[in-house]
Amino acid sequence: MTRHFMWQAGLAALGIALVFLVLFQFVSTVPVEPTPEVLVWGGTYVEGVVGYSETINPILAPRMAPANPVDQDLSALVFEGLTSLDASGQISPALALDWDVSEDGSVYEFRLRQGVTWHDGAPFSADDVAFTVQAIQDPEYEGDPSLSTLWRNVSVYEVDNYTVRFTLDEPFPSFLYYTTIGLLPAHLLGNVPAAGLGRHVFSTEEPIGTGMFQVESVAPDRVVLAANPAYWGAEPELDGLEFWFYGSWDALLTDYELGAVHGFHPTRLEDLSRLVSEPNLQLYAAPTAGYGIVFLNLQRDSVAFFQEQEVRQALLYGIDRQVLIDDILGGQGLVAHSPIVAMSWATDPALRQYGYDPERAIGLLDSVGWMDSTADRVRDREGVDLAFTLLVGDDPLMVRMAEEMSRQWRAIGIEVELRPVTTDAANRFVRSRNFDAALVEVDLTADTDPYPLWHSTQAESGQNFAGFQNEEADLVMEGIRSTMDPEQQLELYHDFQRIFAEQVPSLLLYYPIYIYAVDSEVNGVQLAPLLHNSDRFRNVEDWYMSLEATDVNVGGALDKSGQ
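A few points on the structure. (Residues numbered from 1 in each chain as written. Predicted model: local features only at pLDDT ≥ 70, side-chain atom pairs only at ≥ 80, totals over all residues. Heavy atoms only, no water.)

In this section: the overall build of the chain. Tallying secondary structure elements over the chain gives 16 helices and 25 strands in all. A fraction of 68% describes how many contacts in the chain between residues 6 or more apart in sequence connect residues 24 or more apart. As presented, the chain carries roughly 25000 Å² of accessible surface, and 49% of it is formed by carbon and sulfur atoms. (Helix = DSSP H or I, 4+ residues; strand = E, 2+ residues; numbered from the N terminus. Contact = heavy atoms within 4.5 Å. Areas by Shrake-Rupley, 256 points an atom, 1.4 Å probe, with all protein chains shown as cover.)

Here it is, written out as structure tokens:
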């Protein structure tokens, strides 16, 4: 069955030719008189979620760290940060009107919006900013440890009620990204210990933010949000949103078919063919931050051939990544060429790309002496076979992808043995560097800094799981962290991507696609590239419920009651 998706605005900037497709609608063959319709302003959008809310608190469910995605979505709607991100990852004002940065990049001074109030009517001020930072810095903070470590290197000072200054121990150009974290009200939480914040009634039943929507009620099976009547920014068309929680996908879909749910995120590829048969369901698609990748263990002596650039390049030329996307991911991916997410401002549009070219792969392997000297269809050199083990989690799609890559590599004389394990075990093996090669999907944040994933200092115990060590790349990544000049930063990001494309320290496969299913009763939805899944609500102020049939008296006044 053909799948139909709506590719939203914003992808053109990626240089990707995407086609807007609209789901088939059933149309009667009997002509009927059109019924006059008027727009129904307001209405409540209901989203179905497989999962449950645990705590609605932005410092415990931040978008820049691992957390319950339901809580991240709710926190993003209820709370706001000093800054926000646009679709390309650029920083924009939010609760801060503007800011200054010192020449050396160590001091940031923010001027706050005046007249902003919390949902309970209390005024927002610099006191709330300082309190939030101190709550993250608290030794008993129960959120992501790396986030707390970052903020403990920052001093916060209230210049006045509407000015706050941060002083960093050392320059960190990505710091502005972390100012997108939602802020908490000091007047409500000032005396609440950090250790109990997640279980406090504020986080579980009565969260108070400054966002466009405020919490009206919290129950085990749903959270109800209402439009904030005192919101400082654009007024939403919707009266509210509701999140309904389900223990199973089938229960959620049943409620959609009954008309109780308006939208949801299909989590299983096999369900998409069922969804396209729904006549009133629109499927939106957009790339999201992350990539599928084969990590190559560049430090393991038993696969020392991975240290040869020609071998790594041949491995990449030997994979038909478009076939992996089309045949295994059902088309829900884009071929990945850069470790910087495709929608980012830092992406190099002129970057070298590796297409499927098995003949070139064969030539590269021949040029460095990997030949089939024993006629067993496996290349060898000096008594060593060009063979390795590919670690893969037990997700059926990932196993199929590993099998297909193994087949394609075998065609150019490389022998690969699959090592399927549970997903949790695969993660442990990768973290401990106990693998030859590993097929994984990496979730990224909007922070474009490649240092944590690819700098040589992170090869032993950090997130540089491939063990990539390249002096030129290290200097570039250090330069990215040391300059505050945007033009110089962009040049350095392009340099890093060039080095990565030449060296191929691991094999980038695809950027994943996020699917969002929304009933045609909901209008105004736009799905630009997502730096985080909660970015699907980026233009929620423009959403509105569908047109509704209304009796019209010709020559008379419109009866707005519909009677």
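Here the narrative resumes.
So, about the sheet that holds strand E8 (residues 154-160). Read across the open sheet, the four strands follow the order E6-E7-E9-E8; overall the sheet is antiparallel. The open sheet has two edge strands with one neighbour each: strand E6 (96-101) and E8. Direction aside, the axes of adjacent strands within the sheet are offset by 20° on average. Taken strand by strand, helix H2 (residues 126-137) contacts strand E7 (107-112), E8 and strand E9 (163-168), and its axis lies near 165° from that of E8. (Pairing = 2+ DSSP bridges. Axes fitted to C-alpha atoms, helices over the stretch in contact; angles between N-to-C directions.)

So, about helix H12 (residues 396-410). Between its first and last C-alpha atoms H12 spans 21 Å; for 15 residues at 1.5 Å apiece the expected length is 21 Å, and the two agree. Taken together, the buried positions of H12 are Met398, Val399, Met401, Ala402, Glu404, Met405, Ser406, Gln408 and Trp409. Two or three places before Leu397, at the opening of H12, Asp395 has a side-chain oxygen 2.9 Å from that residue's backbone nitrogen. (Expected span 1.5 Å × (residues − 1). Buried < 20%, exposed > 50% of the residue type's maximum accessible area, 1.4 Å probe, protein only. Polar contact = N/O pair within 3.5 Å; in protein donor to acceptor, adjacent residues only side chain to side chain.)

What follows covers the environment of Ser373. Counting through the fold element by element, Ser373 comes out in the loop between helix H11 (358-367) and strand E17 (380-381). On a C-alpha basis, the gap between Ser373 and Asp385 in space is 10.0 Å, while along the polypeptide they are twelve residues apart.

This part covers H2. Compared with the 16 Å implied by 1.5 Å per residue over twelve residues, the 17 Å span of H2 between its first and last C-alpha is a close match. Across the twelve residues of H2, ten count as buried, placing the element largely inside the fold. Taken together, the buried positions of H2 are occupied by Ala126, Asp128, Val129, Ala130, Phe131, Thr132, Val133, Ala135, Ile136 and Gln137. The inward-facing, buried residues of H2 abut E7, helix H3 (145-151), E8, E9 and helix H5 (186-189).

Strand direction decides the pairing type here: E8 and E9, joined by six bridges, are antiparallel. If you follow Tyr157 over to E9, its bridge partner there is Arg165. Remark: two residues form the turn of the hairpin made by E8 and E9, two consecutive strands paired antiparallel.

A separate point is the packing of aromatic side chains. Counted by the stated rule, this structure contains 30 aromatic pairs. A centroid spacing of 5.0 Å and a plane angle of 80° characterise the contact between Trp454 and Phe500, whose relative ring orientation is edge-to-face. Placement of Trp454 in helix H14 (residues 451-454) and of Phe500 in helix H16 (residues 486-503) is noted, with a sequence separation of 46 residues between them. Of the two residues, Trp454 and Phe500, neither departs from the other in class, the shared state being buried. Note on Tyr516 and Trp543: the rings are 6.4 Å apart at their centroids and 40° apart in plane angle, and the pair reads as tilted. Of this pair, Tyr516 sits in strand E22 (residues 506-519) while Trp543 is found in the loop between strand E23 (522-523) and strand E24 (544-545), placing the two residues 27 residues apart along the sequence. For Tyr516, a relative accessible area of 0% gives the class buried. One residue, Arg222, lies across the ring of Trp244, its end atom 4.1 Å from the ring centre. One Lys or Arg, Arg419, reaches over the ring of Phe429 and ends 4.2 Å from the middle of that ring. (Phe/Tyr/Trp six-rings, centres within 6.5 Å; stacked < 30°, edge-to-face > 60°. Lys NZ or Arg CZ within 6 Å of the ring centre and 35° of its normal.)

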